[in-house]
Amino acid sequence: MEVKEILFYAIAAFTIFSAGLVAFANKLIYSAFALLFTFLGFAGLYVYLSADFLAVTQIIIYVGGILILVLFGVLMTQKIYDLKALAAHNPLWLSLGGALFIALIIALLISTNIWHAVTPKPFEPTTGLIGKAILGDFLIPFEIASILLLGALIGAVYLARAEEKEK
Amino acid sequence: MPYLIIGAIVFTLGIFTILYKKNAVGILMGVELVLNSVNINFIAFAKFVDRGISGQVIAIFIIILAAAEAAIALAIILNIYRNKTTVDVTELNEMKN
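Given the structure is predicted, the values throughout are model-derived calculations rather than measurements. (Residues numbered from 1 in each chain as written. Chains lettered and ligands numbered in written order. Predicted model: local features only at pLDDT ≥ 70, side-chain atom pairs only at ≥ 80, totals over all residues.)

On to the interface of chain A and chain B, then. Taken together, the contact between chain A and chain B spans 61 residues of the former and 59 residues of the latter. Going through the elements one at a time, helix 1 (2-24), helix 2 (28-48), helix 3 (52-77), helix 5 (92-112), helix 6 (127-134) and helix 7 (139-166) of chain A are the ones with two or more residues in the side of chain A that touches chain B. Broken down by element, the side of chain A that touches chain B gets its largest block of residues, 12 residues, from helix 3 of chain A. Split by residue class, the side of chain A that touches chain B holds 43 nonpolar, 16 polar and 2 charged. (Contact = placed C-beta atoms within 7 Å. Helix = DSSP H or I, 4+ residues; strand = E, 2+ residues; numbered from the N terminus. Nonpolar A, V, L, I, M, F, W, Y, C, P; charged D, E, K, R; others polar.)

Rendered as structure tokens:
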């Protein structure tokens with residue numbers, strides 16, 4: 001039990017630290033690699049929330065898919081030696097003010113309500129339950145999501161190829 | 001409760017990233033942070049409050065949306081970079097007038 005809690009707080013601190021690194025790192029490529037560790041930390045937290053299927057999904061889709069896309073984006077759109085463009089930021093106080101405003105609202109929300117576990121659940125595999133839920137209660141959102149993915153696929157191919165045709 | 005606090009902190013950092021970065025790819029990273037923090041809230045509620053497992057299913061849909069959004073956003077960003085050789089969102093003001 002003790003080791004479990006220590007490990008939980010270690011993962012939480014790791015996640016928050018790398019999320020902060022994403023926000024404050026000067027170079028975009030550092031932010032991208034910090035994003036990798038943030039995603040891994042989130043996958044660890046999902047394991048603590050007895051969401052084993054989601055933890056693996058998180059690693060496969062975020063780390064294997066979205067992060068690779070983001071890295072492509074960083075490497076293909078950067079003039080790597082242009083240091084001034086790499087360090088361009090909006091005014092710090094402005095963005096910090098906006099973020100602190102959001103933080104204040106969320107802190108009020110969290111502190112004025114009492115959060116306690118209503119239905120404690122055992123650790124158990126959730127893959128079967130998720131499969132039944134997707135093909136049962138969530139069938140229509142599932143189909144709509146597949147149409148959305150088809151649209152995104154065609155749209156991304158079209159957007160990425162439109163320029164070559166004109167030339 | 002600790003999960004809600006982690007979610008809140010990461011959400012705030014994500015909003016800060018969106019506001020702070022001028023690079024479009026950096027803004028996309030902030031959006032991913034926000035989506036992840038929302039995800040952990042959903043899964044925490046699915047474990048502690050919900051009797052079923054709906055929160056985890058909704059988290060899966062959020063992951064699907066995030067993947068589609070990242071693909072489309074990066075296609076748009078690459079197009080912008082090809083046309084203007086910049087990804088600084090403050091310099092993209094063709095639609096201003």
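In the predicted model, chain A carries a mean pLDDT of 82, and 89% of its residues have values of at least 70. Highest mean pLDDT in chain A belongs to helix 2 of chain A (89); lowest belongs to helix 4 (residues 83-86) of chain A (56). (pLDDT = per-residue confidence, 0-100.)

Our focus in this paragraph is the packing of helix 2 (residues 24-48) of chain B against helix 3 (residues 54-84) of chain B. Residue and element names in this part refer to chain B. Closest axis-to-axis distance for the helix 2/helix 3 pair is 8 Å, and the angle between their directions is 175°. As summarised for this structure, helix 2 and helix 3 are arranged roughly antiparallel, according to the angle between their axes. Where helix 2 approaches helix 3, its residues Ala24, Val25, Leu28, Glu32, Leu35, Val38, Asn39, Phe42, Ile43, Phe45 and Ala46 are matched on the opposing element by Ser54, Gly55, Gln56, Ile58, Ala59, Ile62, Ala66, Ala70, Ala73 and Ile77. Among the residues forming the contact of helix 2 with helix 3, the class breakdown is 16 nonpolar, 4 polar and 1 charged. (Axes fitted to C-alpha atoms, helices over the stretch in contact; angles between N-to-C directions. Parallel < 35°, antiparallel > 145°, perpendicular 65-115°, else oblique.)

What follows covers the nonpolar core. Residues Tyr46(A), Val70(A), Val25(B) and Ile43(B) are the most contacted members of the largest nonpolar core, which totals 61 residues. Of all the secondary-structure elements, those providing two or more residues to this core are helix 1, helix 2, helix 3 and helix 6 of chain A together with helix 1 (2-20), helix 2 and helix 3 of chain B. Contacts of Tyr46(A), omitting those with residues within four sequence positions, involve Ala51(A), Leu54(A), Ala55(A), Gln58(A) and Ile43(B). (Core = buried A, V, L, I, M, F, W, Y, C linked by C-beta atoms within 7 Å. Buried ≥ 20, exposed ≤ 12 C-beta atoms within 10 Å, placed from the backbone.)

Once that is clear, we can look at helix 3 of chain B. The α-helix advances 3.6 residues per turn, and as a result positions three or four apart in sequence lie on the same side. Over its 31 residues, helix 3 of chain B extends 44 Å from the first C-alpha to the last, a length consistent with the 45 Å expected when each residue adds 1.5 Å. One or two positions beyond helix 3 of chain B, positive phi appears at Thr85(B), with a value near 50°. (Expected span 1.5 Å × (residues − 1).)

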